[in-house]
Amino acid sequence: MPADELSRVFAALADPTRRDMVARLSGGDATVNQLAEPYSMSLQAVYKHLKVLEEAGLVTRPPGPQPRSVRLERDVFDGIGGWIEQYRRRAEARYQRLDAVLKSMNDQEG
């Protein structure tokens, strides 16, 4: 995933309301009104949050008349997961090397 796309995704997910919307959409598509229900904000504010999520590629709304369902784009999360996984693997390898050094030091003392 290119750095600029990754930056947009992380910026979009930095907001707790948008993270909550993503979490709710992970259970299935929803209309904007359904997404707006638990929030004490205007529908216009909900649309602004959705626009940020759309620009980051996290959600889509098909063209057509209202009400349109908002859909979570799971492929984006695969890209994020791949990016995170490369650093998780590096950290895991580093911890394994440290474990080997500590074991070696314990063996030498014993």
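Note that residues are indexed from 1 along each chain, following the sequence as it is written. The predicted nature of this model means local features are confined to residues of pLDDT at least 70 and side-chain atom pairs, given and counted, to a pLDDT of 80 or more, with totals for whole chains, interfaces and linings taken over all residues. To obtain the side-chain values, all non-hydrogen atoms of the structure were included, while hydrogens and water were left out.

A. Focus on the overall build of the protein. Secondary structure counts use DSSP, requiring at least four H or I residues in a row for a helix and at least two E residues in a row for a strand, with both numbered from the N terminus. Helix and strand counts for the protein come out as five helices and three strands. Across the protein, helices and strands are ordered from the amino to the carboxyl terminus as α-α-β-α-α-β-β-α. The C-alpha atoms of the protein give 21 Å as radius of gyration, which overshoots the globular expectation for 110 residues (13 Å, by more than 25%). Dimensions of the protein, computed from the C-alpha atoms along their principal axes, are close to 75 × 30 × 20 Å. To sort residues, take the accessible area from a 1.4 Å probe on protein chains only and compare it with the maximum for the residue type: under 20% means buried, over 50% means exposed, and anything in between is partly exposed. Relative to its full complement of 110 residues, the protein shows a buried share of 25%. Within the protein, counting contacts between residues at least 6 apart in sequence, those at least 24 apart form 51% of the total. Only the protein chains shown count as cover for residues, and the accessible areas themselves come from Shrake-Rupley with a 1.4 Å probe. If you sum the accessible surface of the protein, you get close to 7,400 Å²; carbon and sulfur atoms cover 52% of it. Charge counting follows a simple rule: Lys and Arg are positive, Asp and Glu are negative, and His as well as the terminal groups are ignored. Every charge is mapped onto a representative atom, which is NZ of Lys, CZ of Arg, CG of Asp or CD of Glu. The distance from the centre of the 16 positive side-chain charges to the centre of the 16 negative ones in the protein is 4 Å. The globule rule used here is 2.2 Å times the number of residues to the 0.38 power, and the radius of gyration it is set against is calculated over C-alpha atoms. Only heavy atoms enter the contact rule, under which two residues are in contact if any of them lie within 4.5 Å.

B. Molecular detail of the pattern of salt bridges. The salt bridge definition used is simple: a Lys or Arg side-chain nitrogen within 4 Å of an Asp or Glu carboxyl oxygen. For the coordinates displayed, the defined rule picks out six salt bridges. For aspartate 29, the salt bridge identified is with arginine 71, shortest N-O distance 2.8 Å. In this pair, aspartate 29 is assigned in the loop between helix 2 (16–25) and strand 1 (30–31) and arginine 71 in strand 3 (residues 69–72), connecting sequence segments 42 residues apart. Aspartate 107 is the salt-bridge partner of lysine 103, the closest N and O atoms lying 3.1 Å from each other. In this pair, lysine 103 and aspartate 107 are both assigned in helix 5 (residues 74–109), four residues apart and thus about one turn of the helix distant. For lysine 103, a relative accessible area of 51% translates into the label exposed.

C. Region of interest: the sheet that holds strand 1. Only strands joined by at least two bridges in the DSSP assignment are considered to pair. If you walk across this open sheet you meet the three strands as 1-3-2, and the pairing is antiparallel. The open sheet has two free edges, formed respectively by strand 1 and strand 2 (59–60), since each of these has just one partner strand. Bridge analysis of strand 2 against strand 3 gives two bridges, and the strand direction is antiparallel. Residue pairing for strand 3: valine 59 is matched across the bridge by leucine 72.

D. View of the pairing of strand 3. Across the two faces of strand 3 the burial differs, with Val70 and Leu72 buried and Ser69 and Arg71 not buried at all. Direction of pairing for strand 1 relative to strand 3: antiparallel, over a ladder of two bridges. Note that in strand 3 the partner of threonine 31 across the bridge is serine 69.

E. Spotlight on the side chain of threonine 17. Counting through the fold element by element, threonine 17 comes out in helix 2. Threonine 17 gets classed as buried once you look at its relative accessible area, which sits at 17%. For threonine 17, the residues in contact, after removing those within four places along its chain, are Tyr39, Met41 and His49.

In short, geometric facts, not functional conclusions.
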